[in-house]
Amino acid sequence: MGIYDYSVINAAGEEVSLSDYEGRVMIIVNTATGCGFTPQYEQLEEMYEKYHDQGLEIIDVPCNQFGGQAPGTDEEIHEFCTLHYNTAFPQMKKSDVNGENELPLYTYLKSQKGFEGLPKGKHSALLKLMFAKNDRDWDKKPDIKWNFTKFVVNRAGEVVARFEPTADMAELEKCVASLI
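Sequence order sets the numbering: in each chain, residues are counted from 1 along the sequence as written. Given that the model is predicted, a residue must reach a pLDDT of at least 70 before its local features are reported, and side-chain atom pairs must reach 80 or more before they are shown or counted; all residues, however, enter totals for whole chains, interfaces and linings. The side-chain figures draw on all heavy atoms in the structure; neither hydrogens nor water molecules are used.

Visitor: Quick question: what am I supposed to make of the overall build of the protein chain here?
Guide: Along its length, the protein chain carries 5 helices and 6 strands. The way it works is that DSSP assigns letters per residue, a run of H or I at least four long becomes a helix, a run of E at least two long becomes a strand, and they are numbered from the N terminus. Each helix (α) and strand (β) of the protein chain, taken in turn from the N terminus, gives the series β-β-β-α-β-α-α-α-β-β-α. Accessible area is worked out with a 1.4 Å probe on protein chains only. A residue is then buried under 20% of its type maximum, exposed over 50%, and partly exposed in between. Counting every position in the protein chain, which comprises 180 residues, the buried fraction comes to 49%. Per-residue and other accessible areas follow the Shrake-Rupley method at a 1.4 Å probe size, with only the shown protein chains counted as cover for residues. Accessible surface, the protein chain: about 8900 Å² in total, of which carbon and sulfur atoms supply 47%.

Structural data, given as structure tokens:
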């Protein structure tokens, strides 16, 4: 199976096939409205505005698995994002990205781009400490580690990159721009 064989449910409860985005560059990101990384919505929206007409799609999958930081309903999450960050990219139904109830899409994404480490930096060091408290083998698993993990899919439907929440957003944009 490839990326275009998967679908997600949008915030309105409708099934969205990723084949609808065939031939486009995608960023698929798990988000949360109450996270320290929530301001990344602003940079994601800027990229969306800059590159959407050239073929970029952003698939926003709210997730409450990390610190309970997306506690609202789908409607409340959408309202927050549009009010605070003026987001225009598609927002999906709140879903799990790890564990027995994870979206099959995320099983696929993690199989294509596993965890390769956190970039160096202050936030990375704090996250590493937090993750190690819960699981000493955290760094050996492909699981999503935290909110705002981003997967980049090229126009051919290949998962070409994974950016952890602490990755420089300029690096994400550079990757996207190279694929547009």
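From this point on, the discussion continues.
Visitor: For this particular structure, what's the right way to read the packing of aromatic side chains?
Guide: Describing an aromatic ring pair means giving the distance of the ring centres and the angle of the ring planes. Centres within 6.5 Å make a pair out of two Phe, Tyr or Trp rings, where for Trp the six-membered ring is used; the pair is then stacked when the planes are under 30 degrees apart, edge-to-face when over 60, and tilted otherwise. Following the criterion strictly, the structure yields 9 aromatic pairs and no others. With 6.3 Å between their ring centres and 45° between their planes, Phe131 and Trp146 make a pair best called tilted. Note that Phe131 is positioned in helix 4 (residues 122–134) and Trp146 in the loop between helix 4 and strand 5 (150–153), a separation of 15 residues in sequence. Take Phe131: its relative accessible area is 8%, and that puts it in the buried class. One aromatic cluster is present, built from ring pairs that chain together Tyr41, Tyr48, Phe80, Tyr85, Phe89 and Phe148. Counting as a charge over the ring demands two things of the Lys NZ or Arg CZ atom: a distance within 6 Å of the ring centre and an angle within 35 degrees of the ring normal. The positively charged end of Lys145 is found above the aromatic ring belonging to Phe115, 4.7 Å away from the centroid.

Visitor: Whenever I open this one, the layout of surface pockets confuses me. Can you help?
Guide: It is the rolling of a water-molecule-sized probe over the atoms that shows where space remains empty. By volume, the largest pocket is sized at about 250 Å³. Around the largest pocket sit Phe66, Asn98, Met130, Phe131, Asn134, Asp135, Trp138, Lys141, Asp143, Ile144, Lys145 and Trp146, which together line it. In this classification, Asp, Glu, Lys and Arg are treated as charged, Ala, Val, Leu, Ile, Met, Phe, Trp, Tyr, Cys and Pro as nonpolar, and every other residue, Gly included, as polar. A breakdown of the residues in the lining of the largest pocket according to their chemical character gives 6 nonpolar, 2 polar and 4 charged. Note on definitions: the grid is 1 Å and covers protein atoms alone; a cavity is a set of points where a 1.4 Å probe fits but cannot get out; a pocket is an open set with protein on both sides within 12 Å along at least five of seven lines; lining residues have an atom within 4 Å of a point. Grid points are joined across faces, edges and corners, and a volume is the space filled by probe spheres set on the points.

Visitor: Which parts of the structure should I look at to understand the environment of Ala125?
Guide: The topology assignment puts Ala125 in helix 4. Judged by relative accessible area, which is 41%, Ala125 ranks as partly exposed.

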